[in-house]
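One letter stands for each residue in the lines below.
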Amino acid sequence: GAVVSQHPSWVICKSGTSVKIECRSLDFQATTMFWYRQFPKQSLMLMATSNEGSKATYEQGVEKDKFLINHASLTLSTLTVTSAHPEDSSFYICSASIGWQGTYEQYFGPGTRLTVT
Amino acid sequence: GENVEQHPSTLSVQEGDSAVIKCTYSDSASNYFPWYKQELGKRPQLIIDIRSNVGEKKDQRIAVTLNKTAKHFSLHITETQPEDSAVYFCVSYSGTYKYIFGTGTRLKVLA
């Protein structure tokens, strides 16, 4: 149980274009989802927290107009990187949790490697 | 803001030896401390966790200790094996319902 999927697993896009990443909880309802970014040889950095049906809460320094997050259902959250640039190239990982604002356990997706050329 | 310090950043041990990774957190409201193992290009995998009402927890070769007064928690791996080689992250679950990740420790077990 508690499986989280992400799609796509990797994507290459040209500078200036937008790319959407999907995060799905397959066997449970995820009231709260989290989006992380991980640069090579670095830790996971929380970008934003989203609760189903409400606006995402972004961490300090994360541009909400650049990283659009939608959590329209209890099993799906999407992250759209708008007007992507090479510096946005990174490993993006989502996680899902049960309960408003989350509970102890977070279940991680397999990640999406974004390369912007 | 909240942060978690993790040491060492890299650790090499001989197969069969023990490995210890230490973390210090800042948020006194933190009450849950999971540890994750991450292999290159893959998702973090939960290996053990401890809640604030417990001082120590063990699962086969892996153990975690927590000192709430000092805000320290540690991961202990005994009888290390080459497949233990990976990056390990400690996490503090803060009072703001977020996971705060440590900076990571790259463990290399030498055969």
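The structure this text deals with has already been given above.
Residues numbered from 1 in each chain as written. Chains lettered and ligands numbered in written order. Predicted model: local features only at pLDDT ≥ 70, side-chain atom pairs only at ≥ 80, totals over all residues. Heavy atoms only, no water.

## Comments concerning the overall build of chain A
Step number 1: In terms of helices and strands, chain A carries zero helices and eleven strands.
Step number 2: Element order for chain A, N to C, with α for helix and β for strand: β-β-β-β-β-β-β-β-β-β-β.
Step number 3: Along the three orthogonal principal directions, the C-alpha set of chain A runs to about 35 × 25 × 25 Å.
Step number 4: In chain A, which comprises 117 residues, the share counted as buried stands at 50%.
Step number 5: Within chain A, counting contacts between residues at least 6 apart in sequence, those at least 24 apart form 56% of the total.
Step number 6: Of the accessible surface of chain A, which amounts to about 5700 Å², a share of 54% is contributed by carbon and sulfur atoms.
Step number 7: Of the charged side chains in chain A, 9 are positive and 9 negative, and the gap between their average positions amounts to 7 Å. (Helix = DSSP H or I, 4+ residues; strand = E, 2+ residues; numbered from the N terminus. Buried < 20%, exposed > 50% of the residue type's maximum accessible area, 1.4 Å probe, protein only. Contact = heavy atoms within 4.5 Å. Areas by Shrake-Rupley, 256 points an atom, 1.4 Å probe, with all protein chains shown as cover. Lys, Arg positive; Asp, Glu negative; His and termini not counted. Charge placed at Lys NZ, Arg CZ, Asp CG, Glu CD.)

## With respect to the state of the cysteines
Step number 1: Within this structure, the stated rule accounts for two disulfides over all chains.
Step number 2: What pairs with Cys23(A) in a disulfide is Cys94(A), and their sulfur atoms sit 2.0 Å apart. Because the torsion about its S-S bond is 80 degrees, the bridge between Cys23(A) and Cys94(A) counts as right-handed. Of this pair, Cys23(A) sits in strand β3 (residues 19–25) while Cys94(A) sits in strand β9 (residues 90–97), and the two are 71 residues apart along the sequence.
Step number 3: Sulfur-sulfur distance for the disulfide between Cys23(B) and Cys90(B) comes to 2.0 Å. Across the S-S bond of Cys23(B) and Cys90(B) the torsion is about -100 degrees, and the bridge reads as left-handed. Residue Cys23(B) is located in strand β3 (residues 19–25), and its partner Cys90(B) is located in strand β9 (residues 86–93); the two are separated by 67 residues in the primary sequence.
Step number 4: Note on Cys13(A): no disulfide assigned, nearest cysteine sulfur contributed by Cys94(A) at a separation of 18 Å. (Disulfide = S-S within 2.5 Å.)

## Quick look at the interface of chain A and chain B
Step number 1: Across the boundary between the two partners, chain A contributes 23 residues, which contact 18 residues of chain B.
Step number 2: Summed over both partners, the interface of chain A with chain B buries about 1700 Å², with 53% contributed by carbon and sulfur atoms.
Step number 3: Counting every contact that joins chain A to chain B gives two salt bridges.
Step number 4: Between Glu105(A) and Arg51(B) there is a salt bridge, with the nearest N and O atoms lying 3.1 Å from each other. (Buried area = accessible area lost by both parts, 1.4 Å probe. Salt bridge = Lys/Arg side-chain N within 4 Å of Asp/Glu carboxyl O.)

## Some details on the environment of Glu87(A)
Step number 1: Relative to the elements of secondary structure, Glu87(A) occurs in the loop between β8 (76–81) and β9.
Step number 2: When the C-alpha atoms of Glu87(A) and Leu114(A) are compared, they prove to be 10 Å apart, with 27 residues separating the residues in sequence.

## With respect to the side chain of Thr80(A)
Residue and element names in this part refer to chain A.
Step number 1: Residue position: Thr80 is located in strand β8.
Step number 2: Overall, Thr80 belongs to the buried group, its relative accessible area being 17%.
Step number 3: Those residues in contact with Thr80, other than ones at most four positions away along the chain, are Ser18, Val19, Lys20, Lys66, Phe67 and Leu68.

## Looking at the side chain of Asp49(B)
Residue and element names in this part refer to chain B.
Step number 1: The topology assignment puts Asp49 in strand β5 (residues 45–51).
Step number 2: At a separation of 2.7 Å, a polar atom in the side chain of Asp49 contacts the side chain of Tyr32.
Step number 3: Here the side chain of Asp49 touches Lys57 through a polar contact of 2.8 Å, side chain to side chain.
Step number 4: What Asp49 contacts, discounting residues up to four positions off in sequence, is Tyr32, Phe33, Pro34, Lys57 and Val64. (Polar contact = N/O pair within 3.5 Å; in protein donor to acceptor, adjacent residues only side chain to side chain.)

## Focus: the sheet that holds strand β7 (residues 67–73) of chain A
Residues and elements named next belong to chain A.
Step number 1: Strand order in the open sheet formed by four strands is β1-β3-β8-β7, with antiparallel pairing between adjacent strands. Among the strands making up the open sheet, the edge pair consists of β1 (4–7) and β7. Put simply, the sheet's adjacent strands are angled 15 degrees from each other on average, direction ignored.
Step number 2: Pairing between β1 and β3: four bridges, direction antiparallel. Within β3, the residue paired with His7 across the bridge is Glu22. (Pairing = 2+ DSSP bridges. Axes fitted to C-alpha atoms, helices over the stretch in contact; angles between N-to-C directions.)

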